[in-house]
There are 2 protein chains.
Amino acid sequence: MSVTYREAGVDIDAGDALVERIKRLAKPTRIPEVLADVGGFAGLCALPGGLSEPVLVSGTDGVGTKLKVAFATGVHDTVGIDLVAMCVNDVLTVGARPLFFLDYFATGKLDVDVGEAVVRGIAEGCKQAGCALIGGETAELPGMYADGEYDLAGFAVGVVERSRILDGKRIAVGDAVIGVASSGLHSNGFSLARRVLEKEMGLTMSDRVADLGGTVGEALLTPTRIYARAITALLAACGDAVRGLSHITGGGLPGNLPRVLPDGLGARLDLGSYQRPAVFQVLQRGGPVEEAEMRRTFNLGVGLVAVVEKGAADRAIEALAKSGEQAWVLGEVLSVGDVPFEERVLFG
Amino acid sequence: MSVTYREAGVDIDAGDALVERIKRLAKPTRIPEVLADVGGFAGLCALPGGLSEPVLVSGTDGVGTKLKVAFATGVHDTVGIDLVAMCVNDVLTVGARPLFFLDYFATGKLDVDVGEAVVRGIAEGCKQAGCALIGGETAELPGMYADGEYDLAGFAVGVVERSRILDGKRIAVGDAVIGVASSGLHSNGFSLARRVLEKEMGLTMSDRVADLGGTVGEALLTPTRIYARAITALLAACGDAVRGLSHITGGGLPGNLPRVLPDGLGARLDLGSYQRPAVFQVLQRGGPVEEAEMRRTFNLGVGLVAVVEKGAADRAIEALAKSGEQAWVLGEVLSVGDVPFEERVLFG
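Heads up: these notes are all about the structure in this document. Throughout, a residue's number is its position along its own chain's written sequence, starting from 1. The lettering of chains begins at A and the numbering of ligands begins at 1, in the order of writing. For this predicted model, a pLDDT threshold of at least 70 governs which residues receive local features, and a threshold of 80 or more governs which side-chain atom pairs are given and counted, while totals over whole chains, interfaces and linings are taken from all residues. Side-chain metrics rest on all non-hydrogen atoms present in the structure, leaving aside hydrogens and water.

**Looking at the sheet that holds strand E4 (residues 132-140) of chain A**
Alright, step 1. The mixed open sheet is built from five strands, whose spatial order is E4(A)-E3(A)-E5(A)-E2(A)-E1(B). The two strands at the open ends of the sheet, each matched to only one other strand, are E4 of chain A together with strand E1 (43-46) of chain B. In this sheet, neighbouring strand axes are inclined to one another by 20 degrees on average, regardless of whether the strands run parallel or antiparallel.
Alright, step 2. A pair of strands counts as paired when DSSP detects no fewer than two bridges linking them. Comment: elements are numbered from the N terminus, with helices defined as DSSP H or I runs of at least four residues and strands as E runs of at least two. As paired elements, strand E3 (residues 97-107) of chain A and strand E5 (residues 150-161) of chain A share ten bridges and run antiparallel to each other. Within E5(A), the residue paired with Phe105(A) across the bridge is Leu152(A). Only the contacting stretch of a helix is used when fitting its axis, a line to C-alpha atoms as for every element, and angles between N-to-C directions run 0 to 180 degrees.

**Focus: the environment of His186(B)**
All names here are of chain B.
Alright, step 1. Here His 186 shows up in the loop between strand E6 (176-181) and helix H5 (190-200).
Alright, step 2. The exposure class of His 186 is buried, given its relative accessible area of 1%.
Alright, step 3. As a C-alpha pair, His 186 and Pro 223 span 37 residues in sequence and 6.4 Å in three-dimensional space.
Alright, step 4. Setting aside residues up to four positions removed in sequence, His 186 forms contacts with Lys 66, Asp 82, Thr 224, Arg 225, Tyr 227, Asn 299 and Gly 303.
Alright, step 5. Looking at His 186, its side chain comes within polar contact range of the main-chain nitrogen of Ser 183, at 3.0 Å. Exposed residues in this analysis have more than 50% of their type's maximum accessible area, buried residues have under 20%, and partly exposed residues fall in between, with area computed by a 1.4 Å probe over protein chains only. Two residues qualify as a contact provided that any one of their heavy atoms is within 4.5 Å of a heavy atom in the partner residue. N or O atoms within 3.5 Å of each other form a polar contact, as long as, within protein, one can give a hydrogen and the other can take it, and as long as residues adjacent in sequence are counted only when both atoms are side-chain atoms.

**What to know about the relation of the copies chain A and chain B**
Alright, step 1. All copies are superposed by least squares; the fitting set is the C-alpha atoms of residues with a pLDDT of at least 70 in both. For these two chains of identical sequence, chain A goes onto chain B by a turn of 180 degrees and a shift of 0.0 Å along the axis, with RMSD 0.0 Å. Expressed as an axis order, the relation between the two copies is that of a two-fold axis.
Alright, step 2. A high fraction, 100%, of the interface residues of chain A reappear at the interface in chain B, so the copies pair face to face through one surface.

**Quick word on the interface of chain A and chain B**
Alright, step 1. In this complex, chain A contributes 82 residues to the contact, which on the side of chain B involves 84 residues.
Alright, step 2. The greatest single-element share of the side of chain A that touches chain B, amounting to nine residues, is contributed by strand E2 (residues 54-62) of chain A.
Alright, step 3. Amino acid classes used here: Ala, Val, Leu, Ile, Met, Phe, Trp, Tyr, Cys and Pro are nonpolar; Asp, Glu, Lys and Arg are charged; the rest, including Gly, are polar. Split into classes, the residues belonging to the side of chain A that touches chain B amount to 42 nonpolar, 21 polar and 19 charged.
Alright, step 4. The pairing of E2(A) with E1(B) spans four bridges and is antiparallel.

If you want it as structure tokens, here you go:
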């Protein structure tokens, strides 16, 4: 008896079937710059016209253990939105326009329907971000993942005119720190969230929690917001008055806001300036989780921070609101001197 | 007692420590186009000068279950070369110059030394490919991977002048098919290879096999060749006489060569034109694995195929040899009419 690749756990036909479905899903995400007629091994994308010194901006990320919630609930068509969001929001922070996206989907035994659902979410995320799903890899890795599980990685590339790169260097004392609402946990802190909800509180993903307005699984799976349209609107309305953007991911506000602040500057944030979303309150009480740990693990309801010239704060908030985002003055920039990274964000 | 993120299995300090080591490893891969002074959330790279209509070329891939060999042997500093090779060789097939690379490294419990070894390999691969390691994501995902295991995904972006895109469209009947030697399995077919070696032959990774000239683990871990310098040399020597390039990955010669052939054309390959590397002979006998299964699973010693105008074949082989690659005439292009994809490659 001879041995085959299929017997060794790799089903090339299933992979091919998924690739055909992916092609259909990717098609509506095409932008004019994509060259579809060429290339069998790689994705090809021209640059948008009108840029005199284009700079490529790239980011990669995963969804973390938010995937475990998808496994537990069987809902696989939203984590792809998270994947695009995590990558694209990083690219957006330097003022770039997202151009294209590639995904890596790895599983132990390929389930074509699950794979298709995941990619459906990715394509939806790409549409929200205005970028093309231009390529990807589906890897069937026997023995690497538990049954029914998979991992996801995403890669986004955008482009920005060199003279328009937002690097935070112009941020100055007195600038307004604008908070832009998150939709919930986004894709960070899930290992702690699941530990609290499942172990400390004894809940399952299908349990309803009144404060959450639905099941635990629904609250946790809420897709990460993609701020592409919001940032386009913000830059159109405020131009150079926008001085820095920070994507609030792992590390929370103290771990991310300083990444865009010049040396010696910090920010004082008023966490009482907005209503902290219920999911964070449930987690904090349920742990309990100390406030400092909450702040450096979760976004606490702030998915993006825009640092703008003080006089432009109202205009910024209005532009963000018109694009569908809740935004408010979260704090202001101040001088902190030479203090450790995370201490540059003060609360209260 | 309150609950912390660390207790939930995520050690932010370990992640930060690894990031510092990665920065040191990435630095020597920098190319002049990388803008290092800006951007905290994303990687930034300008375009090389002198391109009138630049097209971005992107590819993503993983290393597959070759990782299992790294886990079994404890050798973690070569799979990164494989990761870069799998992505960059795809980008090279359209005639593009690789610019930058990003990696995604996911594990259950972060071991900083293992992570550093993996990234050391990635940085080595980037040096071989002439591209910059510009970003990456280290994900600690408790409960997603077995102890001591990890997954890797890579993402490469290159650039090509639009008029110089190699798309295979100019390939014609009578063109020479040049085989370029692989270094062994590269990064495909490992689930089958391990099944044969471990299950059918009862070998472990540390067993010595005379035909392999070393241990099973050493033979399997041989890094995938990166054909960046070779293709640069080939294009310099043969110019437009190079009509198509095919990276021989999963699917082998019949699965990959047709990806670059125009409709109606196929290729007749003479597998007796070269010495098949010992590792494939060991696997074929050890399974046994049928010849057809060998052909569609493994590269069988051919890592890259260049289709060149017949009169340029000698020049191509000489240029490839000078750049350090073994190359030979593997076959020729012929008309096959409207036959199924894999049947467009004939043997014998």
